[in-house]
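Descriptive structure summary
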Amino acid sequence: METEKGAGIHGCCPNPLLILLEHPNQQPISKIKSTTAACRHSFAATTTSSFFPNTHFTNHESLPSYQESFAQFLKAYPKYSETRQVDKIRNQEYYHLSVSNHVCLDYIGIGLFSYSQVQSQVTALVPVTSSSTPSSHEWSDYPFFDISCKSVNLKSELLHGGRGSQLESSIKKKIMNFLNISPNEYSLVFTANRSSAFKLIAESYPFKTSQKLLTAYDHESEALETMVNTSEKRGANIMSAEFKWPRLRINSAKLRKLIIRKNKKKKKSRGLFVFPLQSRVTGASYSYQWMSLAQENGWHVLLDACALGPKDMDSFGLSLIHPDFLICSFYKVFGENPTGFGCLLVKKSVVSVLEASVSTGNVSLIPPTQLLNSLDSSGSGTELEQKTNFVTKLDELHISGSYSAHNGKSENNLTSTKEGGVAPKEKSKEESDQSISTLGNNTKLEEKGSTEIQCRCLDHVDSLGLMQIGSRRRYLVNWLISGLLKLQHPNRLDHFPLVKIYGPKIKFDRGTAMAFNLFDWKGERVEPILIQKLADRNNISLSHGFLSHLWFPDKYEEEKQRTIERKKGDENDAESKKSKKTDLGISVVTIALGFLANFEDVYRLWTFIAQFLDADFVEKERWRYSSLYQKTIEV
């Protein structure tokens, strides 16, 4: 494999700091950049030519077997074998993925705790017989901590907020160490979710004096929409980068024009520049230099790191580019509870410019021992409800311990009990105290105990490192793209493809998210929501999104008319009737590969997608979906 050696997978520099902006008067490319470009081109060529070259598949039954495909994969990427430590960790700590036979491709992110770690906690609380095991849904219902929402003045919280519980201080320390961020330079607050973090900034940023809000997203984002709506009400002037069709690269000329200050003598801030290093929908990667350019022209910069993988954090150029705000999120357990609390980091030097604004969204992390410490009438109604609910959950888990593992009936039975079917038995104060003690000893989170907490998922990622995780995911996503592009409808003279991928295709430095659509043999799009539901039925979790802020050059005007659609909404809503530019875009299916993804995951997705080559299959499923949901599939 001389080509692979030339690609030098580990030698190609993945650091986005080397991806420079192109100036009109830029000097010839440096030797380093030339070597990097050649390296990446070689990688793309290897990917394209190594997997069943000059072959297209027109029938899902003609696909090569898993064993044959994996052999071809290893031949193309021999260094994949060096990542077997990931498989070992997956088998030992996240074995629920194998037991449930589930492929999780519906979110990007990283957890704090491993599945095995959470299971150990619940096992300590609820002895499980060898003949029974609670379902994965029951395990994931019992986190290492609870979250308590509060209304706060963000500015005051950043300036005068206390250390919080030992649990909270410990997790903050773990996260900041993981991100390689100094507590001397940044303050961290926890938020209920990603949207809450965006809203807190929007409610506190001084838009009266720094009026502009500039964003750079190629897709619709609920969190961003929350920020835009809040900022607009506070007088912000909303602007957005645009993305060139068909490759969906940033329209550099327009974004540069929006960022650069015409009168450089003005000292006041131009506003807030919200920038993701990577698209969480298309997987497109963007240059750090956009942030640097914004800072040079008087913008405050908010870096959205939520789309980055676990060790992509290592490539942060924080030592060179210090964003004023940084938002990321952490999940509880990979494959379970994908909605995790958010983390908002604010540079201490910019706290003074924020405005006082009392808002919700900020949260405290509460140790279970503290939550269960008493069942008397003290505390607020919310706190009492939290205590009661948690103890009730413990009782229900005792009751449901005999339910079979990994099936929907367990969850349904548990839910029906919660909703009043069979009241759980009352727990005595002595029994409650025993559970509290057991929980505290197992997790080592008692207030008088250790100030450290074991975040095993973060530890696993640290032990693997950037090169191993990055290379593994790069091989998998590019192989998957190569495989999808080889699927073509039969009996078509124009070799009509089944799959259309939006944004970067086979590319060394692309992210592990991907946006695509499927088209039937007549050229009509298969509804993304239908594909998602069929995938669920096959134990594959996908998602769907909406591409927006697209810019079509004049030569693509005809394609624009065929492609662009209006975002679906409530037709009775006055806002939805307004013709907004952001309402126009493309509905797509989306996937994302987590750090534990393996070849079997992408092979299963490939074979699932290949079923849509069968025209009868597509028509049958469209009819079934239309019957079940009593509406016609729009294509």
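Heads up: these notes are all about the structure in this document. Computed from a predicted structure; not experimentally measured.

To continue, consider the packing of aromatic side chains. This structure, assessed with the given rule, holds 34 aromatic pairs. Judged by centre distance (4.8 Å) and plane angle (15°), the ring pair of Y77 and Y475 falls under stacked. In this pair, Y77 is assigned in the loop between helix 3 (66-76) and helix 4 (84-93) and Y475 in helix 18 (residues 456-485), connecting sequence segments 398 residues apart. A relative accessible area of 2% places Y77 in the buried class. The buried category is assigned to Y475, whose relative accessible area is 0%. Geometry around F508 places R474 over its ring, the cationic atom sitting 3.9 Å from the centre.

As a further point, take the environment of N539. As for its placement among the helices and strands, N539 is situated in the loop between helix 19 (528-537) and strand 16 (540-541). Since its relative accessible area comes to 27%, N539 is described here as partly exposed. Separated by 435 residues in sequence, N539 and C104 have C-alpha atoms that sit 8.5 Å apart. Residues in contact with N539, not counting those within four places in the same chain, are S100, N101, H102, V103 and R604. In terms of polar contacts, N539 uses its side chain to reach the backbone carbonyl oxygen of S100, at 3.0 Å.

For the rest of this paragraph, the subject is the sheet that holds strand 11 (residues 342-347). With mixed pairing, nine strands are arranged side by side in an open sheet as 2-12-3-11-10-9-8-4-5. The open sheet has two edge strands, strand 2 (146-153) and strand 5 (237-240), and neither has a second partner. Between one strand axis and the next, the sheet turns by 30° as a mean value, whatever way the strands run. Inspection of the sheet shows strand 4 (residues 212-215) paired to strand 8 (residues 271-276) by four bridges, in the parallel sense. Paired with L213 across the strands is L272, a residue of strand 8. On the sheet, helix 11 (residues 222-233) packs against strand 4, strand 5, strand 8 and strand 9 (299-304) and is oriented at approximately 165° with respect to strand 4.

Parameters at a glance
- Residues numbered from 1 in each chain as written.
- Predicted model: local features only at pLDDT ≥ 70, side-chain atom pairs only at ≥ 80, totals over all residues.
- Heavy atoms only, no water.
- Phe/Tyr/Trp six-rings, centres within 6.5 Å; stacked < 30°, edge-to-face > 60°.
- Helix = DSSP H or I, 4+ residues; strand = E, 2+ residues; numbered from the N terminus.
- Buried < 20%, exposed > 50% of the residue type's maximum accessible area, 1.4 Å probe, protein only.
- Lys NZ or Arg CZ within 6 Å of the ring centre and 35° of its normal.
- Contact = heavy atoms within 4.5 Å.
- Polar contact = N/O pair within 3.5 Å; in protein donor to acceptor, adjacent residues only side chain to side chain.
- Pairing = 2+ DSSP bridges.
- Axes fitted to C-alpha atoms, helices over the stretch in contact; angles between N-to-C directions.

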